[in-house]
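One-letter residues, chain by chain:
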Amino acid sequence: TDVRIINRYDVSGISDEVYNLAKGTIFSEPPVDKVWDEEIDIEGKAFAIEYLPGQYDQRADSASQCIQILTQGDKPIVRTAKLIVLEGDISKEQFQRIKNYCINPVESREASLEKPSTLELYADVPKDVDIIDGFIYLAQDELKDMIDDLGLAMSIDDIRF
């Protein structure tokens, strides 16, 4: 019966004074937006969407740059999420279908509704990459076996080339 979309900003690296300046100029438009400093009461079913690590988040980058202009200091870390609140009689199946429709797994994921403990992004360090010497001398059957054994996403023509 109702849909609310709330833009969430998570910011670190700024003082309370800078935050208070930014929340009425950078994070919101006071004549049309409501601003909550922390958690809000949500009536209905809700989920949040955030960009995957490594995907460009224009809203977060713009907010970070604006804060840097405001402070003339270091660029703070800003992460954003879009909180979707649905009201009405929605079954679990319908709610899941709505989430699947809204979340594009190529660029985004479901975000936690909890306040993050840190905004730093950590990536797992990949293990050593296997080096395959002499595969250019393998016969076609051996190349096919190598594709199957390593789970390579290429055809026999690709690897022969």
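The rules behind these values
- Residues numbered from 1 in each chain as written.
- Predicted model: local features only at pLDDT ≥ 70, side-chain atom pairs only at ≥ 80, totals over all residues.
- Heavy atoms only, no water.
- Core = buried A, V, L, I, M, F, W, Y, C linked by side-chain atoms within 4.5 Å.
- Buried < 20%, exposed > 50% of the residue type's maximum accessible area, 1.4 Å probe, protein only.
- Helix = DSSP H or I, 4+ residues; strand = E, 2+ residues; numbered from the N terminus.
- Contact = heavy atoms within 4.5 Å.
- Salt bridge = Lys/Arg side-chain N within 4 Å of Asp/Glu carboxyl O.
- Polar contact = N/O pair within 3.5 Å; in protein donor to acceptor, adjacent residues only side chain to side chain.
- Axes fitted to C-alpha atoms, helices over the stretch in contact; angles between N-to-C directions.
- Parallel < 35°, antiparallel > 145°, perpendicular 65-115°, else oblique.
- Left-handed = near helix turned anticlockwise from the far one by under 90°.
- Nonpolar A, V, L, I, M, F, W, Y, C, P; charged D, E, K, R; others polar.
- Patch = residues over 30% accessible without salt bridge, like charges linked within 9 Å, V, L, I, M, F, W, Y side chains within 5 Å.
- Areas by Shrake-Rupley, 256 points an atom, 1.4 Å probe, with all protein chains shown as cover.
- Expected span 1.5 Å × (residues − 1).
- Arc of directions from axis to C-beta.
- Pairing = 2+ DSSP bridges.

Caption draft 1: Representation of the nonpolar core. Formed by Tyr9, Val18, Ala22, Ile26, Phe27, Ala60, Ala63, Ile67 and Val78, the largest nonpolar core amounts to 9 residues. Listed by contribution, the elements that provide at least two residues to this core are helix 1 (16-23) and helix 2 (58-71). Sorting elements by how many residues they give to this core places helix 2 first, with 3 residues. Setting aside residues up to four positions removed in sequence, alanine 63 forms contacts with Tyr9, Ile26, Phe27 and Val78.

Caption draft 2: Structural detail: the pattern of salt bridges. Within this structure, the stated rule accounts for 7 salt bridges. Residues lysine 75 and aspartate 61 are paired through a salt bridge, measuring 3.1 Å at the closest nitrogen-oxygen approach. Here lysine 75 is found in the loop between helix 2 and strand 3 (77-87), whereas its partner aspartate 61 is found in helix 2, with 14 residues between them in sequence. Lysine 75 gets classed as partly exposed once you look at its relative accessible area, which sits at 43%. Aspartate 157 is the partner of arginine 160 in a salt bridge, and the nearest nitrogen-oxygen pair spans 3.6 Å. In this pair, arginine 160 and aspartate 157 both sit in helix 5 (residues 156-160), 3 residues apart, roughly one turn of the helix. With respect to burial, arginine 160 and aspartate 157 carry one shared label: exposed.

Caption draft 3: Highlighting the side chain of threonine 80. If you trace the backbone, threonine 80 turns up in strand 3. Reaching out from threonine 80, the side chain makes a polar contact with the side chain of aspartate 57 at a distance of 2.5 Å. Once you skip the residues sitting within four places of it in the chain, threonine 80 turns out to touch Arg8, Tyr9, Glu50, Asp57, Arg59 and Ala60.

Caption draft 4: Just the packing of helix 1 against helix 2, in detail. For the pair helix 1 and helix 2, the least separation of the axes is 11 Å and the interaxial angle reads 120°. One finds that helix 1 runs oblique with respect to helix 2. Handedness of the crossing formed by helix 1 with helix 2: right-handed. Of the residues in helix 2, those touching helix 1 at Val18, Leu21 and Ala22 are Ile67, Leu70 and Thr71. Split by residue class, the contact of helix 1 with helix 2 holds 5 nonpolar, 1 polar and no charged.

Caption draft 5: Here's a closer look at a nonpolar patch on the surface. Together, Ile132, Phe135, Ile136, Tyr137, Leu150, Leu152 and Met154 give the surface a local cluster of nonpolar side chains, amounting to about 680 Å² of exposed area. With respect to the element layout, isoleucine 132 can be found in the loop between strand 4 (108-111) and helix 4 (140-150). Classification of isoleucine 132 by relative accessible area gives partly exposed; the value is 38%.

Caption draft 6: Region of interest: helix 2. For helix 2, built from 14 residues, the straight-helix expectation of 20 Å at 1.5 Å per residue is met to within 8% by its first-to-last C-alpha distance of 20 Å. For helix 2, every residue scored as buried is listed here: Ala60, Asp61, Ala63, Ser64 and Ile67. Relative to the axis of helix 2, the buried residues are bounded by an arc of 165° and lie together on one face. Set apart from the buried face of helix 2 by more than 90 degrees, the exposed residues are Gln58 and Ile69. On its buried side, helix 2 packs onto strand 1 (2-12), helix 1 and strand 3.

Caption draft 7: Focus on the sheet that holds strand 4. Reading across the sheet, the 4 strands line up as 1-3-2-4 and stay open at both edges, with antiparallel pairing between neighbours. With partners counted over all chains shown, the strands left at the sheet margins are strand 1 and strand 4, one partner each. Direction aside, the axes of adjacent strands within the sheet are offset by 30° on average. In terms of strand pairing, strand 1 meets strand 3 through 11 bridges, oriented antiparallel. When the bridges of strand 3 are listed, arginine 4 appears paired with valine 85. Packing against the sheet, helix 2 makes contact with strand 1 and strand 3, and its axis sits at approximately 130° to strand 3. Its contacts with the sheet put helix 3 (residues 92-102) on strand 2 (45-51), strand 3 and strand 4, and the angle it makes with strand 2 is roughly 20°.

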